Amino acid sequence: MKTSLHLYRSAPPPERRTPCALTIGNFDGVHRGHQAILARVRQAARERGLLPTVMTFEPHPREYFATLNQRPELAPTRISGLRDKLDALACQGMAQVVIERFNARLAEMSANAFIEDLLVGALQTRWLLVGEDFRFGRKRSGDIDLLREAGMVHGFEVQTLADITDQHGHRVSSSEVRTALAVGDLARAQDLLGRPFQISGHVIHGQKLGRTLGFPTMNLRVAPRCAARSGIYVVRAHGLDAHPRPAVASLGVRPTVEDHGRVLLEAHVLDGPVDAYGKLVRVEFLHKLRDEEKFPDLPSLTAAIAEDARNARAYFAVHGL
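Computed from a predicted structure; not experimentally measured.

**Some words on the packing of aromatic side chains**
Taken as a whole and judged by the stated rule, the model has 9 aromatic pairs. Through pairs of rings, three or more aromatic residues link up here, namely Phe 57, Tyr 64, Phe 65 and Phe 102.

**Overview of the sheet that holds strand 11 (residues 264–269)**
The pairing of strands in a sheet happens through backbone hydrogen bonds and is either parallel or antiparallel. Strand order in the open sheet formed by 6 strands is 7-12-9-10-11-8, with antiparallel pairing between adjacent strands. Either end of the sheet is taken by a strand with one partner, and the two such strands are strand 7 (198–202) and strand 8 (218–221). Averaged over all pairs of adjacent strands, the angle between their axes in this sheet comes to 35°, without regard to strand direction. As defined by bridge partners, strand 7 adjoins strand 12 (residues 280–291) across 5 bridges and the pair is classed as antiparallel. Bridge assignment links Ile 199 to a residue of strand 12, and that residue is Val 283. Its contacts with the sheet place helix 3 (residues 82–91) against strand 7 and strand 12, and it is angled at close to 115° to strand 7. On the sheet, helix 10 (residues 298–319) packs against strand 9 (231–238), strand 10 (245–252) and strand 12 and is oriented at approximately 105° with respect to strand 12.

**Describing the packing of helix 7 (residues 174–182) against helix 8 (residues 186–193)**
At a closest axis distance of 8 Å, the pairing of helix 7 and helix 8 adopts a crossing angle of 160°. Relative to helix 8, the element helix 7 lies roughly antiparallel. Relative to helix 8, helix 7 is oriented so that their crossing is left-handed. Contact residues: Glu 176, Val 177, Ala 180 and Leu 181 in helix 7; Leu 186, Arg 188, Ala 189, Leu 192 and Leu 193 in helix 8. Here the residues of the contact of helix 7 with helix 8 are counted per class, giving 7 nonpolar, no polar and 2 charged.

**Things to note about the packing of helix 5 (residues 111–122) against helix 6 (residues 144–154)**
Between two packed helices, what matters for the description is the angle formed by their axes and the separation of those axes. It is the contact of helix 5 with helix 6, at a shortest axis distance of 11 Å, that shows an interaxial angle of 45°. On the basis of the axis angle, helix 5 is oblique to helix 6. In this structure, helix 5 crosses over helix 6, and the sense of that crossing is right-handed. Facing helix 5, whose interface residues are Ala 111, Asn 112, Ile 115, Glu 116, Leu 119 and Val 120, helix 6 presents Leu 146, Leu 147, Ala 150 and His 154.

**Quick look at the confidence of the model for the protein chain**
Caution applies to low-pLDDT parts of the model: their predicted coordinates are not meant to be read in detail. Taken residue by residue, the protein chain gives an average pLDDT of 91. The fraction at 70 or more is 94%. Ranking the helices and strands of the protein chain by mean pLDDT puts strand 2 (residues 20–24) first, with 98, and helix 9 (residues 209–213) last, with 57.

**Some words on the pattern of salt bridges**
Taken as a whole and judged by the stated rule, the model has 22 salt bridges. Its salt-bridge partner being Glu 157, residue Arg 48 comes within 3.4 Å of it at the nearest N-O pair. Residue Arg 48 is located in helix 1 (residues 32–48), and its partner Glu 157 is located in strand 6 (residues 157–161); the two are separated by 109 residues in the primary sequence. In this structure Arg 48 comes out as partly exposed when scored by relative accessible area, which is 38%. Of the charged contacts in the structure, one is a salt bridge between Arg 71 and Glu 73, with a shortest N-O distance of 2.3 Å. Exposure remark for Arg 71: the relative accessible area of 39% places this residue in the partly exposed category. Residue Glu 73 is classed as exposed on the basis of its relative accessible area, which comes to 52%.

What counts as what
- Residues numbered from 1 in each chain as written.
- Predicted model: local features only at pLDDT ≥ 70, side-chain atom pairs only at ≥ 80, totals over all residues.
- Heavy atoms only, no water.
- Phe/Tyr/Trp six-rings, centres within 6.5 Å; stacked < 30°, edge-to-face > 60°.
- Pairing = 2+ DSSP bridges.
- Helix = DSSP H or I, 4+ residues; strand = E, 2+ residues; numbered from the N terminus.
- Axes fitted to C-alpha atoms, helices over the stretch in contact; angles between N-to-C directions.
- Contact = heavy atoms within 4.5 Å.
- Parallel < 35°, antiparallel > 145°, perpendicular 65-115°, else oblique.
- Left-handed = near helix turned anticlockwise from the far one by under 90°.
- Nonpolar A, V, L, I, M, F, W, Y, C, P; charged D, E, K, R; others polar.
- pLDDT = per-residue confidence, 0-100.
- Salt bridge = Lys/Arg side-chain N within 4 Å of Asp/Glu carboxyl O.
- Buried < 20%, exposed > 50% of the residue type's maximum accessible area, 1.4 Å probe, protein only.

Here it is as structure tokens:
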């Protein structure tokens, strides 16, 4: 159920403000826990005639404070780029997303100003759903009790949702997804996400080395601090034509041929050449073959790529597309 999404970077302009059912969070990955939250928002909006809305932040607040305190290692990795997150929110029936820039102004905003300026004034919130441990405002001074008090004054209802757990009773969270991706456990990541991990982007021109080696690739830029472990993966590519295409992909810094450290996703389509440049492609990760390696020379690299392609074909022969 994909809806038409209205996207605002900061508050909607006054003429576009509509009473909404709102939830607030980073929604990195839009995993099954997030999906339960969004389903509640969707239901409340439908029952009350409100606009189902998400407020999210860019960058992640933890990333902002990690940079501010010169501790970049504390910044979380990213499961989804912004495009994939917005697409997932639209697929969950959200009609409006407000991206608040998390900067010094927002970090220093008082809890009461957050409520009055953003929730009431800018978003016209009538119904609000947040986690039980939700904190907001300068030094995390605002909590659920303050929201409920404000709701009685300003006319909005506040609901909370307990953590969503998996079949083993473990909390479904973005941190759990990041952990699974960091160790290459795609099955666990898919169970938490409710779908395969994916990266989307427009196909860009590369160095054409893959074509020289006999394995032409389509190249996609990867968002900084990608949560997925570098390596070689069996993948499925959408957006090249009407049907998904089987492929094998390298996610990493290409240590054999480059040394600048930029992460790139390169996918070799197994069932023939494609005219992919400029197309918006979505790559679903199905199975990890091996970690990224640095080979002594190009012939060794070529032999490894050929073996990867054989293993990917074997995977699809067993599991299908």
